[in-house]
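Fold and contact review
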Amino acid sequence: MLEVGGLRSGYGGLDVLRGIDMQVGDKEIVAVLGANGAGKSTLNNTICGIVAPYEGKVRFAGSDITGKAAHDIVAAGLIQVPEGRRIFPNMTVRENLELGSYRRAKPRRVANMERVVAIFPRLKERFAQKAGTLSGGEQQMLAIGRGLMAEPRLLILDEPSLGLSPLLVEGMFALIARINAEGLAIVLVEQNVMQSLSIAHRAYVIENGRVTLSGAAAELMQNAELKRSYLGM
Amino acid sequence: MLEFSILLPALLNGLTIGAVYALVALGLTLIYGVLHIINFAHGSMLMLALYGVFFLHALFGIDPYVSLLIVPPALFVLGYALQRGVIGRASHGKDENILLVTLGLAIVMDNLALYFWKADTRTIDTPYGFDTVDLGIATIAVPKAVAFVAALLICCALWLLMARTDLCKAIRALAKERQGAQLVGINVPHLFAMSFGIGAACVGAAACLLLPSFYVAPDVGQVFVLIAFTVVVLGGMGSFAGALIGGMIIGVTESIGGLFLGESLGQLGIFVIFIAVLLFRPTGLLGHRA
């Protein structure tokens, strides 16, 4: 579904990503793990066309999307739910969801909205409320809901657990597993290592803009180096 | 104390010109709201639009109100092309550059107009130019009454458009959250140019409504750009309703001010209000806190 090869990118001529290779298969959850500043969000934004790559290739669903405009990548079905949610605070929950299908799946907007509020009944209660007034957890639901409105073929979730209470974090991971079980491929970018590995099929660990570890999630969970660097064990 | 029969027409006059100010300011506030820049070329675009209306009338005998079907779309195209082809490209994504580019465009447009059409002040004659309507309490010039009603209608239409269509939802989304907008697939350069185009179309409509009772000259834009800017600041940067209310207040202030202080000092009140707003309520009447 997604193939990234030798990807280098960054800001103002400075390298943040120094050659990333990764693949995501159909119906897979792939976790991308790493500390703050490792380059995770830059990787997402380069894949999604918000940051231009210096070098390397990105292929999605069989076609080359390297350096394409963000809206063309959305149209192809690669949807990112970004870190910090990036919802539209000045607009209602309903309008936010509607805009989720601005570029893609517009004819099925009504049906998809029903599907989204079935997943997040809370959003239905907040339908007419300005998105900026929602709680952190509700904003995260809205951000994911907005992403689902576009009928993604691959969904990139950047730090979906950030800023949520432990109980909500657990619910969030359960939800991600559920959406994936319906057949959607997911890239899960997280600092929350163990919980991510517990629902992911495979994972990549990024440090300083390079992949330092990769493999099946179950194996990585046993990896001594990973435990040492992220759990202090 | 002045008599009611003098004050009331002045008030009505102020409201009519205020509606046109509101229309010009609406374009400015839309561009500000989305691109976060003051379009210094706004007055010059109005000047070009006024010349457009003038020449359509002088050369082809097209009535200014019929020009409403021609000039606003033409200005939309001009605005779209300027943003996409010049302003966006030359600014390299930096706000302070956009500011300078629009200022530069204004100077270029004004001086090209001066070169081609000379500094003459031009007006047009329409059969209804001096007609009046009797409202019972006061009489009002037909072109001004038309301008008032049409400007209000256009403002309302634009407002509805902003609330209803996907395009305008996308513009509102982009105004607050650029990266979020990119991630739902909004084509940012296209929408920036669309907003600029719609802002320019507002100015085009204002030109059609103004010319029957106004004049055109290469520096006419300067008269309006400062007033429109005041309206936008008074109403609240980026606020639609604010531009409408602000336009009315400024129009009435100017008109009443002219009555008491004489025509040339009439604008004094506008800038007193401007300074007062900046001192006491810098976010404007309906503006949101930053």
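Refer to the structure above for everything that follows.
Notes on the structure in this doc start here. (Residues numbered from 1 in each chain as written. Chains lettered and ligands numbered in written order. Predicted model: local features only at pLDDT ≥ 70, side-chain atom pairs only at ≥ 80, totals over all residues. Heavy atoms only, no water.)

Digging into the overall build of chain B
When helices and strands are tallied, chain B shows 11 helices and two strands. Counted from the first residue to the last, chain B has its helices and strands arranged as α-α-α-α-β-β-α-α-α-α-α-α-α. Relative to a compact globule of 290 residues, whose C-alpha radius of gyration would be 19 Å, chain B shows 19 Å and is just as compact. The principal-axis extents of the C-alpha atoms in chain B amount to approximately 60 × 50 × 35 Å. Sequence separation of at least 24 residues holds for 76% of the intrachain contacts in chain B that already meet a minimum separation of 6. Counting every atom, chain B has about 12900 Å² of accessible surface; 70% of that belongs to carbon and sulfur. (Helix = DSSP H or I, 4+ residues; strand = E, 2+ residues; numbered from the N terminus. Rg over C-alpha atoms; globule rule 2.2 N^0.38 Å. Contact = heavy atoms within 4.5 Å. Areas by Shrake-Rupley, 256 points an atom, 1.4 Å probe, with all protein chains shown as cover.)

Notes on the sheet that holds strand E4 (residues 53-60) of chain A
All names here are of chain A. Spatially, four strands are ordered E2-E1-E4-E5 in an open sheet, and the strand pairing comes out antiparallel. Pairing within the sheet leaves two strands with one partner each, and these edge strands are strand E2 (14-24) and strand E5 (63-64). Where strand E1 (residues 2-11) lies against E2, eight bridges are found, and the strand directions are antiparallel. Residue pairing in the sheet places Glu 3 in a bridge with Gln 23 of E2. Helix-sheet contacts for helix H1 (residues 40-47) involve E1, E2 and E4, and the interaxial angle to E1 is about 110°. (Pairing = 2+ DSSP bridges. Axes fitted to C-alpha atoms, helices over the stretch in contact; angles between N-to-C directions.)

Some words on the pairing of strand E7 (residues 154-158) of chain A
Side chains on a regular strand alternate between the two faces of the sheet. All names here are of chain A. Within E7, five of the five residues are buried, which leaves it mostly tucked inside the rest of the structure. Burial along E7 is two-sided: Leu 154, Ile 156 and Asp 158 and Leu 155 and Leu 157, pointing in opposite directions, are all buried. Relative to strand E8 (residues 185-190), E7 runs parallel, the two sharing five bridges. What sits directly across from Leu 157, in E8, is Leu 188. (Buried < 20%, exposed > 50% of the residue type's maximum accessible area, 1.4 Å probe, protein only.)

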